[in-house]
Amino acid sequence: MGDTLAEARELATGLIGDQPDSWDRTGAIPDTLVRELGAKGVLCAEVPREFGGLGLSSLESGELTAYVGSLCSSLRSLMTSQGMAAWTISRIGGPWQRKQFLPALTGGELAAVAFSEPDAGSDLSAMETRIVLDGSSAVVDGTKVWITAAAYADVLVVFGRYGEGAAVVLVPASTPGVRIERIPDALGCRAAGHSVVGFDGVRVPAENVLPGAGQPPGLLVTTALSYGRMSVAWGCAGILRACLAASARHAATRRQFGSRLADHQLVARHLAELLVAEQSVTRACEHASRCWDEGSPEVVTASLLAKHVGATQAVRGAATAVQVLASAGARDGHAVARAHRDAKLMEIIEGSSEICQLALGEQALAVWA
Ligand code: FAD
């Protein structure tokens, strides 16, 4: 393991400690802690060193994401949003925007990425949020829903309609006309700051609109989502690692019918399935990250596949872990109960399982028909 990755893991371990359960119950991670991790570059670890980042490869950053995800999916969700924001600015932004915003994101400021709207979930071509240029300003109007990290964010990366196409605009969360209303009762990842975000005639400098405005929405959205899928996939590997560890420890110590649970073959099968799931998801993530690091065009399919396999296996694996622990894992306060709730959301975000399957189905036809 590289020194930088090891140091980032150590920092995360020390700051997270045994707090994820209480964060889950209160629905919030202390702002100072998130900002400290952000200021050390841990939340968007792939940002190059010239912009204050850790400069990790996708593979290294993925391992860090899985590690944080094994401890706390809410914090991992904040990493995904921060990383996705930084990647969008790196990839689509011009030199001015990179210089202005990337050092802020590695210096303790926090970001959220907003695509979804009340009537535009899976179908982002139905977005209604408008970005209009007016002299030296850009004006944003619309409503975004379920925006992870928005309750913590200093800057919002907003996707919207622009003329006949789409654009991305960077909106400081403190701009007059921005309303952020936290969603208090999410099924899982309860401390991830999911919010409804309204924009009422919000004015920002025109240079906050990223280059390439007017392109089809799909092109812009895919850039951000590729990063998001990779990050969520690694997060799912983390969920499976937490579930595997908790299940193996419990099955090795709890005794029923005169022997360890692990000695009952049906329980051993649960452990085997968890191991297979964790290993398969890890291999799919590693492949996708290698494609990313090598700049291979295969990365689009590889990240979709990793995300789909990761999410479906995490849901199944977390349910299996609750089964192995039974009453010991059947209430708030146990990591497997939290994993069970958190994992289900992974099948909805960054392209639901069905949307991933549609894209993978097209790929199957293109390659195998
Ligand atoms: P819908 O699009 O209404 O879909 C409902 C169901 O129908 C799903 O099962 C879907 O798979 C299925 N379906 C839809 N179309 C098809 C089709 N053509 N074929 C087959 N099945 C189909 N959005 C952001 O912009 N930023 C965020 O940070 C963010 N974070 C989120 C965090 C959480 C915890 C959640 C729950 C959501 C988040 N979202 C975020 C929103 C998320 O991207 C959407 O919820 C997701 O795209 C699905 O949209 P929807 O919920 O409107 O479901």
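Residues numbered from 1 in each chain as written. Predicted model: local features only at pLDDT ≥ 70, side-chain atom pairs only at ≥ 80, totals over all residues. Heavy atoms only, no water.

Topic: the overall build of the protein chain
Okay, so step 1: Within the protein chain, the secondary structure is distributed over 11 helices and 9 strands.
Okay, so step 2: Its C-alpha atoms give the protein chain a radius of gyration of 21 Å, within 12% of the compact-globule value 21 Å for 369 residues.
Okay, so step 3: The principal-axis extent of the C-alpha atoms belonging to the protein chain is close to 80 × 55 × 40 Å.
Okay, so step 4: For the protein chain, the share of sequence-separated contacts (at least 6 apart) that also reach a separation of at least 24 residues comes to 73%.
Okay, so step 5: In the form shown here, the protein chain has an accessible surface area of approximately 15,600 Å², with 54% of it arising from carbon and sulfur atoms.
Okay, so step 6: Both charge centroids of the protein chain, one from 31 positive and one from 38 negative side chains, sit 6 Å from each other. (Helix = DSSP H or I, 4+ residues; strand = E, 2+ residues; numbered from the N terminus. Rg over C-alpha atoms; globule rule 2.2 N^0.38 Å. Contact = heavy atoms within 4.5 Å. Areas by Shrake-Rupley, 256 points an atom, 1.4 Å probe, with all protein chains shown as cover. Lys, Arg positive; Asp, Glu negative; His and termini not counted. Charge placed at Lys NZ, Arg CZ, Asp CG, Glu CD.)

Looking at the nonpolar core
Okay, so step 1: Counting 65 residues, the largest nonpolar core has Leu105, Phe115, Phe159 and Met346 as its most contacted members.
Okay, so step 2: Excluding residues within four positions of it along the chain, phenylalanine 115 makes contact with Met84, Leu124, Met127, Lys144, Ile147, Phe159, Val221, Ala224 and Leu225.
Okay, so step 3: By size, the runner-up hydrophobic cluster in this structure holds 45 residues, among which are Ala114, Ile147, Val171 and Ala173. (Core = buried A, V, L, I, M, F, W, Y, C linked by side-chain atoms within 4.5 Å. Buried < 20%, exposed > 50% of the residue type's maximum accessible area, 1.4 Å probe, protein only.)

Details of the domain arrangement of the protein chain
Okay, so step 1: Once the domains are mapped, the protein chain shows domain 1 (2–105), domain 2 (111–208) and domain 3 (217–368).
Okay, so step 2: Computed from C-alpha coordinates alone, the two centres of domain 2 and domain 3 are separated by 29 Å.
Okay, so step 3: Between domain 2 and domain 3, the residue contacts involve 12 residues of the former and 13 residues of the latter.
Okay, so step 4: Together, the buried faces of domain 2 and domain 3 total about 1,100 Å²; carbon and sulfur atoms form 79% of this surface.
Okay, so step 5: Looking only at domain 2, the three residues that lose the most surface to domain 3 are Phe115, Leu187 and Cys189, adding up to 36% of its buried area. (Domains from an automatic or database assignment. Buried area = accessible area lost by both parts, 1.4 Å probe.)

Regarding the environment of serine 73
Okay, so step 1: With respect to the element layout, serine 73 can be found in helix 5 (residues 73–92).
Okay, so step 2: Each C-alpha atom, one on serine 73 and one on glycine 238, is 8.5 Å from the other, the two residues being 165 residues apart in sequence.

Quick word on unusual backbone geometry
Okay, so step 1: Of note, alanine 149 is a non-glycine position whose phi angle comes to about 75 degrees, a positive value.
Okay, so step 2: Within the fold, alanine 149 resides in the loop between strand 3 (137–147) and strand 4 (155–162).
Okay, so step 3: A relative accessible area of 4% means that alanine 149 is categorised as buried.

Quick look at the site of the ligand
Okay, so step 1: Taken together, 17 residues sit near the ligand, with Phe115, Ser116, Ser122, Ser352 and Glu354 positioned nearest.
Okay, so step 2: Within the side chain of glutamate 354, an N or O atom sits 2.7 Å from an oxygen atom of the ligand.
Okay, so step 3: Computed on the free molecule, the ligand has an accessible area of 960 Å², of which 63% lies beneath the protein chains in the complex.
Okay, so step 4: When contributions to the shell around the ligand are tallied by element, the ones reaching two or more residues are strand 1 (111–114), strand 3 and helix 11 (353–368).
Okay, so step 5: Here the shell around the ligand takes 3 residues from helix 11, the largest share from any one element.
Okay, so step 6: Here the shell around the ligand is composed, by residue class, of 10 nonpolar, 6 polar and 1 charged.
Okay, so step 7: Two domains each put at least three residues into the shell around the ligand: domain 2 (111–208) and domain 3 (217–368). (Near = heavy atom within 4 Å. Polar contact = N/O pair within 3.5 Å; in protein donor to acceptor, adjacent residues only side chain to side chain. Nonpolar A, V, L, I, M, F, W, Y, C, P; charged D, E, K, R; others polar.)

Looking at the packing of aromatic side chains
Okay, so step 1: Going through the model one piece at a time under the given rule, you end up with 4 aromatic pairs.
Okay, so step 2: Consider the rings of tryptophan 87 and tryptophan 292, whose centres lie 4.7 Å apart with planes at 50 degrees: the pair is tilted. Taken together, the positions of tryptophan 87 in helix 5 and tryptophan 292 in helix 8 (residues 265–294) put the pair 205 residues apart, joining distant regions of the chain.
Okay, so step 3: On the basis of relative accessibility, which here comes to 16%, the residue tryptophan 292 falls in the buried class.
Okay, so step 4: Relative to phenylalanine 159, the ring of phenylalanine 115 has its centre 4.6 Å away and its plane inclined at 45 degrees; by these criteria the two rings are tilted. One end of the pair, phenylalanine 115, is in the loop between strand 1 and strand 2 (130–134); the other, phenylalanine 159, is in strand 4, with 44 residues separating them in the sequence.
Okay, so step 5: Judged by its relative accessible area of 8%, phenylalanine 115 falls in the buried class.
Okay, so step 6: Feature note: the residues Trp87, Tyr227 and Trp292 constitute an aromatic cluster, connected by ring pairs.
Okay, so step 7: The ring of tyrosine 67 is capped by arginine 9, whose NZ or CZ atom sits 4.0 Å from the centre of that ring. (Phe/Tyr/Trp six-rings, centres within 6.5 Å; stacked < 30°, edge-to-face > 60°. Lys NZ or Arg CZ within 6 Å of the ring centre and 35° of its normal.)

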